[in-house]
Amino acid sequence: AHVKGKTLLLQSLLGELDLFKGAATCTLGGVGYCSQDPWLLNNSIKANITFMNTYDPIWYQTVIKALNLDVDLAILSDGDKTLVGDLSGGQKQR
């Protein structure tokens, strides 16, 4: 993918880009980057929330509420079993 502007700067600071020539050094501690293009498993909403963890209903409902997904889940015919590929861009970002 072609990257430019702010994204290029941030990814280069995080060491996420290949360096073709020269040298680059940046010392950042405790920094993370959340792309505006979400990385999701090709699976259900529930599988993306629990990821590789054991299902914990209290934690799961906390996440659902924090992300306002309860509104989306109420209108999706398969609820949290909906595959992420069937979601809109905004729903994927949430």
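Each chain has its residues counted from 1, following the order in which its sequence is written. In keeping with the model being predicted, local features are shown solely for residues with a pLDDT of at least 70 and side-chain atom pairs are shown and tallied solely at 80 or more, while totals for entire chains, interfaces and linings include all residues. No hydrogens and no water enter the side-chain calculation; it runs on all heavy atoms of the structure.

A. Inspection of the packing of aromatic side chains at higher detail. By convention, a stacked pair of Phe, Tyr or Trp rings (six-membered ring in the case of Trp) has centres within 6.5 Å and planes under 30 degrees apart, an edge-to-face pair has planes over 60 apart, and any other such pair is tilted. Taken as a whole and judged by the stated rule, the model has 2 aromatic pairs. Measuring from ring centre to ring centre gives 6.3 Å for Trp39 and Phe51, while their planes differ by 75°; the resulting arrangement is edge-to-face. With Trp39 in the loop between helix H1 (6-13) and helix H2 (45-50) and Phe51 in the loop between H2 and helix H3 (57-66), the pair connects residues that are 12 residues apart, well separated along the chain. Remark: a charge is flagged as sitting over a ring if the NZ atom of Lys or the CZ atom of Arg is within 6 Å of the ring centre and within 35 degrees of the ring normal. When the ring centre of Tyr55 is taken as reference, the NZ or CZ atom of Lys46 above it lies at 4.1 Å. One cation-aromatic arrangement involves Lys46 over Tyr60; the distance from NZ or CZ to the ring centre is 6.0 Å. A run of DSSP states H or I qualifies as a helix once it reaches four residues; a run of E qualifies as a strand once it reaches two. Both are numbered from the N-terminal end.

B. Molecular detail of the nonpolar core. Nonpolar core, defined: a set of buried Ala, Val, Leu, Ile, Met, Phe, Trp, Tyr and Cys residues in which side-chain atoms within 4.5 Å join the residues together. Burial here depends on accessible area, computed with a 1.4 Å probe over protein chains only, as a share of the maximum for the residue type. Under 20% is buried, over 50% is exposed, and the range in between is partly exposed. Residues Ile45, Ile49, Tyr60, Val63, Ile64, Leu69, Leu73, Leu76, Val84 and Leu87 constitute the largest nonpolar core, which totals 10 residues. When contributions to this core are tallied by element, the ones reaching two or more residues are H2, H3 and helix H4 (69-75). Whether two residues are in contact is decided by their heavy atoms: any pair within 4.5 Å suffices. Beyond its immediate chain neighbours, meaning those up to four positions away, Tyr60 contacts Lys46, Ile49, Thr50, Tyr55 and Asp80.

C. How the structure looks around the environment of Phe20. Mapped onto the elements, Phe20 comes out in the loop between H1 and H2. Considering only alpha carbons, one finds Phe20 and Ala47, 27 residues apart in sequence, at a separation of 38 Å.

D. Unusual backbone geometry, seen in detail. Residue Phe51 is not a glycine yet carries a positive backbone phi of 50°. Judged by relative accessible area, which is 43%, Phe51 ranks as partly exposed. The phi torsion at Asn68 lies on the positive side, around 55°, for a residue other than glycine. Tracing the backbone through its elements, the reader meets Asn68 in the loop between H3 and H4.

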